[in-house]
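Chains, contacts and geometry: an overview
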Amino acid sequence: MSNFVQIYLITFFTGGFTSSVFVPVYLKSRGITIAHLSVFTATSIISQCLSNLVSGTITDKTGRSKPVLMANIVIFLLISLVFTQMPHVKECSRERIRLRCSEGNLTARESCQILSNSTDSVSCSLVKSINSQGNGGPELCKPFNISSFNVVVKENKSRNYSITCRYNIHLQNYSTKSVGLCKGECKLFEMDCTFNESHDCNANRGFWIVIYGILINFLYFSHTTTYRLFDVIVTDLTNAHKADFGRQRVFSIIGSLTGPPMAGYILHQSGDKQYSTVFFSSAIFAALSALSMSAVDVKPKKPASKMWKKTLGWVMNLDVCLFFLMIVIMGSAYGFQITYSSWYLQDLGASDLLLGINRGMAGLYGLPFLYSSRWWVDKIGHRNLFVLGLLGHAVYCFSFSLLTEPWFVLVIQLTIVVTYHLFWVTTMLNIVETAPEGLQATARILAGCLHFSIGKIISILIGGYIMSTSGGRLAYTVMGSIISIYAAVYATHVVLRRKAEKSQTKSTQAEQQNELQASGLHSFSKTDDNCTPKELMKSIKL
């Protein structure tokens, strides 16, 4: 198989995983809140599923996967470059301040945190003005328009208190001449003011938050769709060249393990808090992956026809239904572990060093098994590996529910060999063998959508709720119990299916033997009547 495939895998996964790791902190630095990030993530999961299925359908309909892959790489590259030019959306600090005329000047006593320095220019709108000298109590004055004035606030440091500070307020017209308000009948004023504490303040914050949400959706769906199409193209190439699919995944894991640490080191050394380096690096690696993929010869397939009819006929099979349900459950367990394991371990006293080592070991453990994945799959079998994957998730969850020493997680993490690395290789190979012609790309992409997107939603809704209400130990116990139940169901199905297949094989062999015997007797009836019994038995055996 072409070396350009390995170059593509290393370069794209280096850039793709680099951006995915640093996107949350990049958004935080731009003024996006955790609530906005949660909404972006939830909507992106939906867009990822839709784009994945659309891309898979287009690939099967046209028989060409490479143009769809290249289009998604270009989208990822362009969005990465756009992020380097996006503005800050920090919310402008808007405070209501109460002004009073004191010794002929406007003063205010407000929080000492209201200004970042001793002098600041603010934009204010007058709420109301009051005549505090009236005999019948405070009365509203005639409306006064301050929109044509510049409000200047200066801290009076000589009259500050422990909590509040005294400020002198001046109104200036365009000629910078100070305008006095205290000469009139109004003595009290209330204003809503926007304090420009930093250049990050954005008056059109709502509009730009929507733009950020749209860009995040495009970034995530282009990244995941490229990942799904990698499964489609590489499995086709490995089948055509009799190569090992798992061995090709080694290069993608090398890229995913290389990119984030490299970008983190560069950010640390350069002091880049705008994270432009991250997205420039992602764009460069995406361009390199596109160039390397352009050199790969991907043979077009026959365009699919009657896809709906084939799909209905395929999914009505009980074995296929249980297979896809298993993918959802495995994805839920995987998503739960990825999302909440670090949180749970930190509650147990795990250090940041241990959290980083644990995530890195998850990839390193799988490398030797992926390199020899074909041997493991042939030796153990598809269905047996699926059962082992379910049992591996159950062992992981129950072990976490009993965990007291965080460092033991490095031993528990060994289960990822069967729960993710060998499991996903087996899933792709199983679809290649069982999916009808014309549904290969759609089926493989659907499997990825169910495992990495739908499964993650389920884990966040169910696992997150139990984690927040009853704690991590109960959450891991519940997840382990659910997985164990389905492992028993699927294992029972495998045993019954194997018995049925053996019975069917014996029945077929018996029918073939009867046909051979009948064919021998029929040929004997046409031979000479002087044929001896010994010759008769020889004829029957033949």
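One can find the structure itself at the top, above this paragraph.
Here is a short report on the structure shown in this document. Per chain, residues are indexed from 1 in the order of the written sequence. The predicted nature of this model means local features are confined to residues of pLDDT at least 70 and side-chain atom pairs, given and counted, to a pLDDT of 80 or more, with totals for whole chains, interfaces and linings taken over all residues. Based on all heavy atoms of the structure, the side-chain values leave hydrogens and waters out of the count.

**Quick look at the overall build of the protein**
The following threshold applies: Starting at the N terminus, helices and strands are each numbered in turn, a helix being any DSSP run of H or I of at least four residues and a strand any DSSP run of E of at least two. Relative accessibility decides the category of a residue: with a 1.4 Å probe and only protein chains considered, values under 20% of the type maximum give buried, values over 50% give exposed, and everything between is partly exposed. Residue contacts follow a heavy-atom distance rule, with two residues in contact if any of their heavy atoms lie within 4.5 Å. For every accessible area listed, the method is Shrake-Rupley and the probe measures 1.4 Å; residues are considered covered only by the protein chains on display.
Helix and strand counts for the protein stand at 17 helices and 8 strands. Counting every position in the protein, which comprises 542 residues, the buried fraction comes to 46%. Across the protein, contacts joining residues at least 24 apart in sequence account for 82% of those joining residues at least 6 apart. Just so you have it, the protein exposes about 27,700 Å², and 62% of that area is on carbon and sulfur atoms.

**Let's talk about the pattern of salt bridges**
Where we set the bar: Throughout this description, the term salt bridge denotes a Lys or Arg side-chain nitrogen within 4 Å of a carboxyl oxygen of Asp or Glu.
Going through the model one piece at a time under the given rule, you end up with 9 salt bridges. The salt bridge partner of Lys 301 is Asp 236, with a shortest N-O separation of 3.2 Å. Of this pair, Lys 301 sits in the loop between helix H6 (276-294) and helix H7 (307-315) while Asp 236 sits in helix H4 (residues 205-240), and the two are 65 residues apart along the sequence. We classify Lys 301 as partly exposed; its relative accessible area is 37%.

**Side note on helix H8 (residues 318-347)**
Worth spelling out the cut-off: What a helix is expected to span follows from its residue count: subtract one and scale by 1.5 Å. At any given residue, the bend is defined as the angle formed between two axes, one fitted to the seven residues that end at that position and one fitted to the seven that begin there. Any pair of nitrogen or oxygen atoms within 3.5 Å is treated as a polar contact; in protein, a donor-acceptor pairing is required on top of that, and neighbouring residues in sequence qualify only through side-chain atoms on both sides.
Helix length check: H8 (30 residues) gives 42 Å between terminal C-alpha atoms against 44 Å at 1.5 Å per residue, within 8%. Residue Tyr 340 marks the point of greatest curvature in H8, where the axis turns by about 45°. The buried count for H8 comes to 21 of 30 residues, which makes it a mostly enclosed element. The N-capping residue of H8, defined by a side-chain oxygen 2.7 Å from the backbone nitrogen of Asp 319, is Asn 317. Positioned one or two residues after H8, Gly 349 has a phi angle of 105°, which is positive.

**Topic: the layout of surface pockets**
Going by this rule: A 1.4 Å probe that fits into a set of points on a 1 Å grid over the protein atoms alone but cannot get out defines a cavity; an open set with protein on both sides within 12 Å along at least five of seven lines defines a pocket, and lining residues are those with an atom within 4 Å of a point. Grid points are joined across faces, edges and corners, and a volume is the space filled by probe spheres set on the points. Residues are grouped as follows: Ala, Val, Leu, Ile, Met, Phe, Trp, Tyr, Cys and Pro are nonpolar; Asp, Glu, Lys and Arg are charged; all remaining types, including Gly, are polar.
The computed volume of the second largest pocket comes to approximately 510 Å³. Take the lining of the second largest pocket: its biggest share by element is 5 residues, from H4. Residues of the lining of the second largest pocket, tallied by class, amount to 12 nonpolar, 8 polar and 11 charged.

This is a description of form; function is not addressed.
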